[in-house]
Every structure is written in C-alpha cells, then in structure tokens.
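Secondary and tertiary structure notes
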Amino acid sequence: MTPSTMVTHQEVVFYVNGKRVADNNINPEWTLLYYLRNKLRLCGTKLGCAEGGCGACTVMISKYDHETKKVVHLSANACLTPVCAVHGQAVTTVEGIGSTKRGLHAVQQRIAAAHGSQCGFCTPGIVMSMYSLLRSCSTGGSGHKPSMKDMEIAFQGNLCRCTGYRPIIEGFRTLTEEWEQCGSRLPALNGTTSNGCGNDLANGCCKSNGQANVNGCCKTNGAVNGCCNGGQMAPGDVEILFDSSSFKPYDSSQEPIFPPELQLSPVLDQQYLLVKGPRVSWYRPTTLEQLLLLKRNHPQARIIVGNTEVGVEVKFKNCVYPVLINPTQVKELLVIEDTEGGIKFGSSVTLNQIDTVLKSKIDSLPEHKTRVFKAIVEMLHWFAGKQIRNVAAVGGNIMTGSPISDLNPIFIAANCKLELVSKDGGCRTVTMNGSFFTSYRKNIVKPDEILLSITIPCSHEMMHFKAYKQARRRDDDIAVVNAAFNITFEKPANAHYPVVQKATIAYGGMAPTTVEASSTAQVFIGKTWGPHLVEDVCNALVEELPLSPDAPGGMIAYRRSLTLSLFYKFYVDVYGKLYGKDKMLSEREKSAAQGLKNLHPQSSQYFQVVPPDQPKMDPVGRTIPHLSAYKQATGEAVYCDDIPHYEHELYLSLVLSTKAHAKLIKVDASPALAVDGVHGFISASDIDPKRNNFGPIVHDEEIFVSSTVTSTGQVIGAIVAVDQPTAQRAAKMVKVEYQDLSPIIVTIQDAVAKESFHKGTQRTLKNGDVDGAMKSSVHVIEGDVHMGGQEHFYLETNSAIAIPREDGCELEVICSTQHPTEVQKLIAEATGMPANRIVCRVKRIGGGFGGKESRGALLALPVAIAALKFNRPVRCMLDRDEDMVATGGRHPFYGKYKVGFTKEGKMLACDVQFYNNAGNSLDLSASVMERAMFHCQNAYKIPNIRCKAAACKTNLPSNTAFRGFGGPQGMFFAESMITDMGAFMNVDPAKIREMNLYQEGDKTHYNQVLEHCTLKRCWSECMERSAYEQRRKELNDFNRQHRWRKRGLSIIPTMFGIAFTAKFLNQTGALVMVYTDGSVLVTHGGIEMGQGLHTKMVQVASRVLGIPESKIYISETATDKVPNTSATAASSGSDLNGMAVMYACETIKERIKPYIDANPKGKWEDWVSAAYFDRVSLSATGFYRTPGIGYNWETNSGDPFNYFTFGAACSEVEIDCLTGDHQVLRTDIVMDLGESLNPAIDIGQVEGAFIQGYGLYTLEELTYSPTGILYSRGPGAYKLPGFADIPAQFNVSLLRGAKNPRAVYSSKAVGEPPLFLASSVFFAIKDAIKYARSEVGLKGPFRLDSPATSARIRMACQDEFTKKIIVNEDVTPWNIVP
Ligand SMILES: Cc1cc2nc3c(=O)[nH]c(=O)nc-3n(C[C@H](O)[C@H](O)[C@H](O)COP(=O)(O)OP(=O)(O)OC[C@H]3O[C@@H](n4cnc5c(N)ncnc54)[C@H](O)[C@@H]3O)c2cc1C
Ligand code: FES
Ligand code: FES
C-alpha cells in the first residue's frame, strides 16, 4: 500500500466558536492565525510576532480523546499552528467567549474592570490564556479553580508592553482558589490590593488567617503599606480602584458545549489527510506503517507536531519544506508507558503531557528513583511558555538538536534510550550520548528513519542528578548556558566517604551541539566529594569547554564562567545531600545552591479620592476604566489591520536593505514580478527625485533609497500584490546587488573617533564657574558609563492602509501613528497633493511609546505612493522582524562625568560629556539630546554645571523618540555619578541624594525656577513607606549570611520637565459637536494609544458640560476634524488636549447657558433642543497653547518646561552572584501627579512605565553584529519583562494634596516621568554587586553599564571562578554594543 493508493481527504474540517468549518481549498502553508483573520474575518486574535513569543495570538484548542472519553482544552499560539493541524478539533477565539453585545465572559469583564487593558493589543491573547486555564481546570476532572501558581504558569507565554501586569493579575486573582478561600468578593479599598488586603493571598490574608483580630492584620507578613489595617489611609479614603463585588461568579456550566460531531464520531481523527497546496503538501497518516512509508518516499520531509521549530524556520529563515507529515494520529508515537527501568514516551508526546506524567511519578515513587524526572520537571517550568509546551513534542526538541535545547543535556546526562525506526531498516535503539549529535542541528538519525520514542531512566540511591538553565530572562527564554550533571557514588568497603564511580555531564550553549564533557567527567572518578574536586573540575571545564572569542551568541566570558558556576551550584547541592549533618557547609556557602524563585505578587495602590461633595455625575478624579477596555477584552476593538479589506485592495511588502553601508549596484525585481498575483514593484524611480526625501525636522532620509544605503532596514522598494503571502514571498525574491562601502560606523566610540556627528548637534549647556568650583572641591572623581538603547516593542507593529478616492484626487490614510498631521504633511510633500486632499485617521493604536511618532512614515509613505500609483487601496502591516530592523529605537548613550563635592557629599560642580547614537538620520535625535542635557542633573542642585553633547551619525537605523525622550539617559548619568560618590566615600548613596535634592525656589542649570516643588515630600514619603533604614539593616544582615546571594537597595528620585522642548509643538485643538439628541462627539488632536487619553478627555468634557460620560463619544483622531496637531508625545497629551477640549466645551456651555437659565429644571436634551431651534451653533473648536514657555539656547534663558512631575522609588533586589540572575523583591513608588484626572489610569501609567523602564535598565539588549546588522529581531532574542518579572511587592502611592495650577483641573502629566524610577532597580543591583565584590576585597567605584543583564551582573561580581576565564579581546567579537 502506498499513500497514493489510499483514500485520502483534502478537506480540512474543524470548529471555530461552535461553527463548523469545512474547507477543501486550504493551503498547508497557512497558519491558523492567517485563516482566522483573513478567511473567517475573526480579527480579535492578534499578530504580535509570528514566532510564539508574545501570546497575542493565543486561542484555545479543544479535542476529544476517544480513549479516555475526555475533552482536553489547551491554549495555543495560532501564529505557529498550521491550520491543517486543527482538523477534527475545536478552536475558540476571543470572539467566541463573549462580547459587549451578547455579554462579557467573566475573564473579559475582570481584565477590563481591573484596568488590565491599556492599548488592548495584548488583551485578547491574555484573555484566552486565562480562559483556557479556567476551562482546563473545570474539565480537568476535579473541577477545581486555578491557583495563583497555575496563573503564573498560564501567562509565561504572554507579553504586555503597557500595563506592567499588576492590574491583570489583580483582576484575574478574583478567579482563583486563593481568592475563594479568602473571603472574596469584597470590594478593593483604596490603598489595598483588590483582594482587600495588601498581603499575598497564598501566604495568608488577615481576613482568612484571623490576624486581623489579633494584632491588627497581615502587616506581620510583610505587607507594610498594602495592608488594609496598615494605618496608611487618610480619613474619607473609601474609594475603590475596581469593584470586585460586581463581578459575576464564574460558572463553568454556562460554557459552550464541545461540538457533538467531534465527540460522537472519531471519523475525522481516523482520516488520512492529504492537503495539497501550490508549494507544500500536508500528510496526516494514521498508522506507523503509513508514516514510515511516507518518510521513505520523502526522506527530506519535515515531521510536524507542534510546529514550534519548523514554523519559525519557515517564517523567518525562508525555508520551504514541500512535504510536511503530521504524525499526531499515529498511536505508537503517543505511548506513555512504564518500562523496567524508566518511562517510555512516544516522540509526539507533548512537553506538558510529560510534565504531568513525571509529576505524578515524583509523587508516587520513592525520591531516589525520580531524580532525573525532577530535573526534567524543573527544567520544563523554564521551557518556553505554556502555549508552546501544550503543543510542542519531545521528539521535535531532540531532532532539531538546537545547541541550546533545554532537554538534550538532561537526556544525554541521563543516558536516555531512543528508538529509531524506518520502513526498510526496522527498529534500532541508541543511547543518547555525546556522539548522538554530529554537527549543528545534525544527528545520527538516517533520513528515512523517524524517532519513535525516548525512554527516561529512573535514578537510584547512589545517583545524584540535577540540571540547570541560565537565561537572560527566567521565564520563557532560551538558555545562554544549560547543564545537566549525573554523578553515581560508590562506597568502597574501607572508605569513610563515598567516592565517585561514574560521572556524565552535558552542557548546552557551549558549542554548535549539546556537548558531553567527558574529559571533565573523568576527573571525578574515584574521588570523594570535597573542595579539592572543585578546583580540578573547574580547571578541566575551562580546558574542555573553550569558546572562541568570536563564537556566535557572544557573551564569551559569561558563558564560560557559567560552566563553572553551574557546576559549583551542583557541587554545593550534592555536598549537602551527601554528607547531611555529618559535614556541614556553612549557611553562607549553601547560598550557592539556592536559585531565585518566582514569588506571588503583592501590591498596594494609594491615591487621593474625590471630595465627598463632588457631584456623583462629575467623573473627574474617579477611577473610570479605559472606555475601550471592554471592546479590547472581547476583540471587538478595531486596530488598523483589523479593518475589513477594501474591494480590489492590494498588499504591500517592503524590500529592506540588508547592508549597513553600501552602494546599490542593481535592484532586480523581475523574479518577483513573475510571481502570479504580483502587481508591481515601486522604488525611487516612481517618485520625483526632488520629492524623495522625508524626515520630521530635516528631510535627510530617502523614502526609497536611490543609490546608497546607510543602514540596514532602509526601504529600497516595495512589492505590491494581491495578498499578504504573495507580496511577502515576492519581496524576498527581489535581488539587490550591493557594493560594500566603508567605513561602517556602529558604535559611539567609532563615531567619536571618526568625528561622525549630525550637523548642528554639538552643543554645550553651561551654568556657573565649573572649573573654579572643581578646584575648590575637596573631592573630584571621574567616571564613564554606557547606556544601551531599547526597542519600543509596541505590540501592534506599524501598519497603514491608503485608499485613493475620487480617482486618485483624494487620499484617505488609516495608520498606526502618533502623529497624523505629520503623515498627512509628508504624503502631501512626497506626492505633490495639497494637504487638504489627504485625510489621515487613527482610531487607536496598539502602543506607541514614541516609536510611532516619526518612524511610522517610512511605511505610510510607500503605502500612499503605491495606492496612488495603482489607484487601488493598499495595505501593509510590518512583520515584527521588519519593524525591529527598520524603525530604530531608544538612543544608546555614552557619557563621561567629573564631579566635585565637599567632604560631606554636597555637589559643587559637574562636568559631563554625552554622546548618543543617533543612527543614519537626524530624526528627533537633536531634541532627544537636548532633553538629556536638561535632565543631566536629575533632581539635584548642582550650582556649577557644564554639559556638552553630540549626536553621533552612525550606520544604524535611525534612533528616535522613546518614552522619556533622552531624559532617562541624562538622569542615569547623574545617578551613576552619585553612586560612584557613595562608593568613593563609603557611604550609602541615599544620603548623598537626599542632601543634594532640589528645593522650592531653586534654579536649574537652564535657569528655570522650581515652583510647587514636591520633590522632598516624594522622597520622604518614599523613604518612610519603604521603611528604607530598617530594610538597609536587614539587608546588611542578609548579605553577611549569604556568600553567593546578595541583596541591594536603592532609592532614586525623579524630576521630569513637562512640555515639548520645541516651543511651537505645544499647541493643539479640539472640536466638540453636540447633536440634537443631546449626544456629544468630541475630537481632539491626541491619539489613543492605551494611555487612556480619550477616557480622560471624556471626563473633562463631562465635567464642563455637566452631563454623564455616557452621552459623550470620541470616535477617532483625524486631520479633517482637527488640523495641524502635534504628535501625541512628551507626556503632554492630556495637558494640551484637555485644555482644548475644556475650552471647546466651555464655548458650547456658554451658548447653552441662556436655555439652562430659562429652564433650570430641564434636562440637557431640552436645552440642546431649545438652542437648536433658536439657531445656535452647537459645535465649537477649542485651541490651546501652553503659556509662558520658550527657552533660548544662546542666552540660557526662558523656561523650557511648563512644570515638573516629581517622584521617588525605592527598590530592593536579590542577585545570584554565580549566575547573574536577579529578582526584584520590592518596589515602593511615590509620585506627584497633582490631582489626578483618573487615578486608575494614572497608576496604570506609573506601573507600566516602571516595568518598561525596568526592561530598559535590566533586560532589554539590542545585539548588533560588528557590521551593523541587528540580531535581536523578535521576542525570542529580545526580552521584554514578562508577568514573572514584576516586583514581588509593588506599592504605588500618588502624593496627596499636591495641586498643579499649570494643567487641566490641577492634574499632571504622567506618561514618561515614572519610567526613570525603574533605575532604582538598576542601582539596587549595583548595590548588591558592591556587596559581592567586597567579599573578594574589591572596594570603591566600579563601572556597570546599562542594562544590568545577567551577564553584566555575573561578570561584575568577580570571584575565583571568573578569574579563571581569560578572553582574547583582540579578536572581533560576534556582537558589539552600539
Ligand atoms: C517561543 C518559543 C520558545 C521556545 N523555548 C524553548 C526553550 O525554552 N527551550 C528549548 O529547548 N526549546 C525551546 N523552543 C523550541 C521548541 O519549542 C522545542 O524544540 C520543541 O520541543 C519542538 O517541538 P515541536 O513538536 O514543536 O517540533 P516541530 O517544529 O513540529 O518539529 C521540529 C523538528 O523535529 C523533527 N521531528 C519531530 N518529530 C520527529 C520524529 N518523530 N522523528 C523524526 N523527526 C522528528 C521535524 O522533522 C522537525 O525538523 C521554543 C520555541 C518557541 C517557538
Ligand atoms: S503572534 Fe503568536 S505568539 Fe506572538
Ligand atoms: S495593553 Fe498590553 S500591550 Fe498594550
């Protein structure tokens, strides 16, 4: 029998949200996500990365197991799931569980009401992760509620760039077991978590543990601020952040039933599927015989189970595999059976199934038998996210043979047995050892063979087994280095202690394959376990696991030192187990073996409540949820790419430069143009050369490169085709020939050496007599530090649709921009159309953070030009890798400083020199640099300052605005300087900080007088709330008791100037229209990007007009409603637009007043109607420009800022000195936001900015090749903070009684200011490293560049292990720091 003679089925049948889909025209290359969005038009499921790394595409897949007769519900990434793979299964998307019209699901209600949705782009994916968890718990047999731990695991694969995660956790906490047990359903009080208490429920809340009546409450558990009885609440503070009492209980019996067709009949499961597409065929055999035959006939075929390896290869490495075989119906590959010495798993068994089975074995078998199982279970916790583990199989991990596979080191160290089988060769069993992998991703399995199963052995009494993984981020990250150790002891008859009889060690991340360190293993043999062994083993590892200085992956010294560190952890662990009380290691030394664990988050939020006499209808100051939150939670909220396709619409795909500096020799689009469905190629020849330039200030970039590329990611041209797959495939076929040019300038150092600066950006800002003050200073110290850039990673990538109207005489552009006016203007300039024929519209964007202020134009322009050329609507949404490579990010900075100070630490003078890496065009780099200069003293009075700066011109994609706009970089240098002063003087830097804080009436170095300066209040309150002094003492004790784990503490203030530093940008307008039914439509110049701007604007309009928010609507931002607006940026959205909306509403109110006076008992509708019949205009514009600002660089006079937002944060961290891992134990923030327009939104901004800043200062690292090519192009390689990274205790408090006379209703801007507070984590880490260094006698200042990655932390700690590693620095490394 051959497959060709069998009955095969081409039709793919599955259910989506209860509806049957049967399609016999499916292309096997389509993912489920593509099918949902493009064929079924279910756009709630989002595309964030296409590589399984962000969770935006999460759906629930349910299948019926006809053997166990159970329905299994799993969360999965639709972006990696081939649509063919869901044959016979049921898919549930966010639309399927609830809607604002049909009613919200409990999960949707909670995330929205708890303020867990800001831009909303991540929300459907997060909703579906939680929903899948609830469903899997309720059908998992016991019908239990999920625990906090279950929730932690469920969200490992989801990212959110806006919220900082805390509100999402708080909202969903109400669905957990712990919530149920803890009194539940009480509304959350101000100053408490939503559970009614600042304590971690898992640890026992005062409501449940009875402490409330005994000693006040859970304060004893550490919830100092967040406690319901903590004494922090002011009288009258009975206000809620969200009201959990209104939540309907989750009732699993109300869930839709599983499709009966799939349950009643196994027919679909038993079908032999053969789906043929134009390039790829999908086979789903049902027997082993069929599978082996297929593999013999197609030895190059890929076997697809989870598609989590192959899916990424196909999408990002342009691999085409003509034959795909899906073996998930072949029962031999699904076996799970006990064997004599272990457990056998079929190769298609998923990682989560393995986890479940091994956990039950660990529970049921004696401990000594399960040590390998335990190592696997522990490893699986850190392996990808749950969505991946739900579908990815063990066979895929083994067969891919990635050098950083997490399981292969364990399988090798445990000598697992593999069964390989082929049609002609039959079955053979091999042992997994060092010779299984032959080279990079190659192994000994023959092309016609398949992997049938793996047998994992039980351990025994004398065997010690452990595995370790070190990654940059603990959850859902690939390993930097991993290792597994297997040591068997024997006790010779006459020996006192056991000796090593056998050793097997395997490492990942140290070579092109997983390696067995067999020479090192020999060193153990016959030896007792003791310090002598450590030295010998370390020396052997250094010898056996070298890495060339230019090895792929970089971090050479770190990776090599990890091989020793991980061994030492194992050594200490075994030591404790082997000798017990007999030969105790000191507690200090034992700290080597203890890793950092995720802790259940605790939190508290304090804010000022509205006065009791404020009318109920007046929403200003109240915690109103984001007005789109409910639509975002149901997937109904429409983003640019969710807009239904227009008739005759075309798709555009960019051809981007792949060289950093080169001449274009030839661009040949002919292979692409030959592809069926391609309509054309556009490039520089399609545009008048005089119009081919653009830029926000200086037009120094080309829309399409005409002759020379100066960075990767520049637009050379674009393919326009019938649909996305065709356009993207064809764009990759455009051949570009380059001639390399030199130099390629990547780093700031290179640029400085070559004096490559953008014209006019070399500036000096000087105040006082710096040289004189330096001379009279008791101490003068110098230092330098580098701060890395940051990728915006808004969850929605840049997208645009251009629709020609009136036969190309008008153009409508819908795009994801923060600056519609600029898009309109640039398109007008590029096309020669007057601006009045171009409308740019934005409904909402899925995050911006500055990245969509100016850079979005590089996509909107080609899309607009293509639409006019073809006279058809054209659309494009960038893929994540394209977005990352083309649009730039936050500027890396390098700075040198010199500071003079008194013996007490009072700063007298400071001399700083900054350089930023601006990339290949100017963009906004000069303004970014100016803000860094304004903020170079952060919050400190330094009487004499000289700040010099220059923007470096390099061959990187142009860097741009990013939340804080140079401020976080400038302030970072000030804080690094003070930290060095502390180290130099051997005093706590907090003392120096406090001593130098600005006070009311002080003048800054740009001569602005500080008014309403609440800096000291924020500082003192933060000191007090964080119990700084007491915790410093506790921390000293901890650090004395632990050699290998150290804690650090830091408190950092911030002072952020509010206004665009370019004066003309501080203006905006609003249009308010009242309709005769009384409904009000507001439009203003700001963009809703998650920050709740529209919600706040409705609150303002509601107060002025005196009507409920429900009567007011904001639909979109559009250039034909409000013209000539500035970007929604510089934190000024609410300040500017709030005033404009207020003025417009006041005009209307003024016009309606006579009718109110005439009928005081009437309703709004009556007055509006009366005014209408009286022929009164019911629409009005408002215009606002910030008064009293304007700075003159020549004279160093005039105020650049309208006012300042102040704050302070205290963070405590713990680091693992051996691995560089860290954990934030607690953060306390106090922020002056004036009289907040909406405390829930503002607290969300504070938390979100803090976590984004936390990423900036600790995790997020862009890696570039020495030739300027970006390696980190997606969430796999570029790590944002995840759910597990938030501070274990996270307390946010808004300063009370701090009015701000300079903004709408006394509020303050919030978007950017809190971001810098996350540097408190960086400086706490530096503090912890200081303690580690003092263990080996290192004292005084040391340089720590940002971000404080695990590699930097580890290498800064320095000890006997790092000393052994010497790296040749003369060799050009794999990556460099720009
Ligand atoms: C976001 C993300 C995070 C990840 N994180 C981690 C991580 O933390 N640690 C880690 O180690 N890996 C990680 N991976 C890699 C991947 O998930 C694992 O390797 C997974 O086990 C692959 O299984 P799969 O079923 O999806 O493989 P597939 O993609 O379906 O197949 C992979 C390969 O294995 C071959 N193959 C599969 N089964 C057989 C068989 N029976 N016989 C012969 N060949 C076979 C296929 O031909 C194919 O070449 C991650 C991947 C993603 C996308
Ligand atoms: S889009 Fe699927 S995980 Fe990011
Ligand atoms: S709300 Fe999560 S990414 Fe914006």
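Residues numbered from 1 in each chain as written. Chains lettered and ligands numbered in written order. Predicted model: local features only at pLDDT ≥ 70, side-chain atom pairs only at ≥ 80, totals over all residues. Heavy atoms only, no water.

To continue, consider the site of ligand 1. Around ligand 1 there are 29 residues in total, and Val 305, Thr 308, Glu 309, Asn 397 and Asp 406 lie nearest to it. In this structure, Ile 303 approaches ligand 1 through a main-chain N or O atom, which is 2.8 Å from an oxygen atom. At 2.6 Å from an oxygen atom of ligand 1 is found a side-chain nitrogen or oxygen belonging to Glu 309. In the complex, 93% of the free accessible area of ligand 1, which totals 990 Å², lies under the protein chains. Here the shell around ligand 1 takes 4 residues from helix α16 (residues 394-400), the largest share from any one element. (Near = heavy atom within 4 Å. Polar contact = N/O pair within 3.5 Å; in protein donor to acceptor, adjacent residues only side chain to side chain. Areas by Shrake-Rupley, 256 points an atom, 1.4 Å probe, with all protein chains shown as cover. Helix = DSSP H or I, 4+ residues; strand = E, 2+ residues; numbered from the N terminus.)

Viewed as axis vectors pointing N to C, helix α27 (residues 820-831) and helix α28 (residues 857-870) meet at an angle of 50 degrees, and their least axial separation amounts to 10 Å. Put simply, α27 runs oblique to α28. Considering how the two elements wind past one another, α27 and α28 form a crossing that is right-handed. Contact residues: α27 offers Val 823, Leu 826, Ile 827, Ala 830 and Thr 831, while α28 offers Ala 857, Ala 860, Leu 861, Ala 864, Ile 865 and Leu 868. Class assignment of the residues belonging to the contact of α27 with α28 gives a composition of 10 nonpolar, 1 polar and no charged. (Axes fitted to C-alpha atoms, helices over the stretch in contact; angles between N-to-C directions. Parallel < 35°, antiparallel > 145°, perpendicular 65-115°, else oblique. Left-handed = near helix turned anticlockwise from the far one by under 90°. Contact = heavy atoms within 4.5 Å. Nonpolar A, V, L, I, M, F, W, Y, C, P; charged D, E, K, R; others polar.)

Turning our eyes to something else, we now look at the confidence of the model for the chain. When the pLDDT values of the chain are averaged, the result is 94; 95% of them are 70 or greater. pLDDT under 50 marks residues 184-189. Its contacts with residues more than four places away, or in other chains, come to 24 contacts. Taken together, the stretch residues 191-238 has pLDDT below 50 and engages in 122 contacts with residues farther than four places along the chain or on a different chain. (pLDDT = per-residue confidence, 0-100.)

Further remarks concern the sheet that holds strand β45 (residues 1203-1216). Spatially, β21-β47-β46-β45-β39 is the arrangement adopted by the 5 strands of the open sheet, whose pairing is mixed. Both edges of this open sheet fall to β21 (602-606) and β39 (1045-1058), since each of them pairs with a single strand only. Taken over all neighbouring pairs, the strand axes of this sheet differ in orientation by 10 degrees on average, direction set aside. Relative to strand β47 (residues 1289-1294), strand β46 (residues 1222-1232) is paired through 6 bridges, and the arrangement is parallel. Within the sheet, the bridge partner assigned to Met 1231 lies in β47 and is Leu 1294. (Pairing = 2+ DSSP bridges.)

On to the packing of helix α19 (residues 531-544) against helix α20 (residues 556-579), then. The interhelical angle for the contact between α19 and α20, taken along N-to-C directions, is 155 degrees, at an axis separation of 10 Å. When the interaxial angle is binned, α19 and α20 end up roughly antiparallel. In this structure, α19 meets α20 at a crossing whose hand is right-handed. The segment α19 lies against α20, with Pro 531, Val 534, Val 537, Cys 538, Leu 541 and Val 542 engaging Arg 560, Thr 563, Leu 564, Phe 567, Tyr 568 and Tyr 571. In the contact of α19 with α20, the residues fall into 10 nonpolar, 1 polar and 1 charged.

The next subject is the nonpolar core. Core analysis: the largest hydrophobic core is formed by 277 residues, its most contacted members being Phe 172, Tyr 507, Phe 524, Trp 529, Phe 567, Leu 652 and Phe 914. Per-element accounting of this core gives the leading share, 13 residues, to α20. In terms of nonpolar packing, the next biggest core, distinct from the first, is built from 74 residues, Ile 26, Val 275, Cys 416 and Phe 465 among them. (Core = buried A, V, L, I, M, F, W, Y, C linked by side-chain atoms within 4.5 Å. Buried < 20%, exposed > 50% of the residue type's maximum accessible area, 1.4 Å probe, protein only.)

Looking now at the pairing of strand β17 (residues 463-471). Judged by how many residues are buried, β17 sits mostly within the fold: 9 of 9 residues are covered. Burial along β17 is two-sided: Met 463, Phe 465, Ala 467, Lys 469 and Ala 471 and His 464, Lys 466, Tyr 468 and Gln 470, pointing in opposite directions, are all buried. Here 9 bridges tie β17 to strand β18 (residues 479-490), and the two strands are oriented antiparallel to one another. In the strand pairing of β18, Ala 471 is matched with Ala 479.

Moving on, we get to the packing of aromatic side chains. Across all of its chains, the model carries 51 aromatic pairs by this definition. Seen from their ring centres, Phe 757 and Tyr 915 are 6.0 Å apart, and the 15 degrees between their planes marks the pair as stacked. Here Phe 757 is found in the loop between α25 (748-753) and β30 (763-767), whereas its partner Tyr 915 is found in strand β37 (residues 907-919), with 158 residues between them in sequence. The exposure class assigned to Phe 757 is buried, which follows from its relative accessible area of 19%. Above the face of the Phe 793 ring, Arg 880 is positioned so that its terminal group lies 4.0 Å from the ring centre. A cation over a ring is seen here: Lys 1330 above Tyr 1331, with NZ or CZ 4.9 Å from the ring centre. (Phe/Tyr/Trp six-rings, centres within 6.5 Å; stacked < 30°, edge-to-face > 60°. Lys NZ or Arg CZ within 6 Å of the ring centre and 35° of its normal.)

This structure, assessed with the given rule, holds 73 salt bridges. As a salt-bridge pair, Arg 474 and Asp 1221 come within 3.7 Å of each other at their nearest N and O atoms. Taken together, the residues span a long stretch of sequence, with Arg 474 in the loop between β17 and β18 and Asp 1221 in the loop between β45 and β46 at a distance of 747 residues. Salt bridges linked by common partners bring Arg 37, Lys 46, Asp 641, Asp 642, Glu 649 and Arg 875 together as one network. (Salt bridge = Lys/Arg side-chain N within 4 Å of Asp/Glu carboxyl O.)

Moving on, we get to the sheet that holds strand β28 (residues 715-721). Spatially, 8 strands are ordered β24-β28-β22-β35-β32-β33-β34-β43 in an open sheet, and the strand pairing comes out mixed. The strands lining the two open edges of the sheet, one partner per strand, are β24 (678-683) and β43 (1117-1118). Sheet strands touched by helix α24 (residues 724-731): β22 (650-656), β24 and β28. Its angle to β22, the strand with the most contacts, is close to 20 degrees.

A separate point is helix α36 (residues 1133-1158). Under the 1.5 Å per step criterion, the end-to-end length of α36 is 37 Å for 26 residues, consistent within 8% with the ideal 38 Å. The largest bend in α36 comes to about 45 degrees, at Ile 1152, with the proline Pro 1154 one to four residues further on. (Expected span 1.5 Å × (residues − 1). Bend = angle between axes of the 7 residues up to and from the residue.)

Okay, the pairing of β24 next. Most of β24 sits out of view: 5 of its 6 residues are buried. Summarising the sheet, β24 and β28 pair through 5 bridges and their orientation is antiparallel. Its bridge partner lying in β28, Gly 680 is registered against Val 720.

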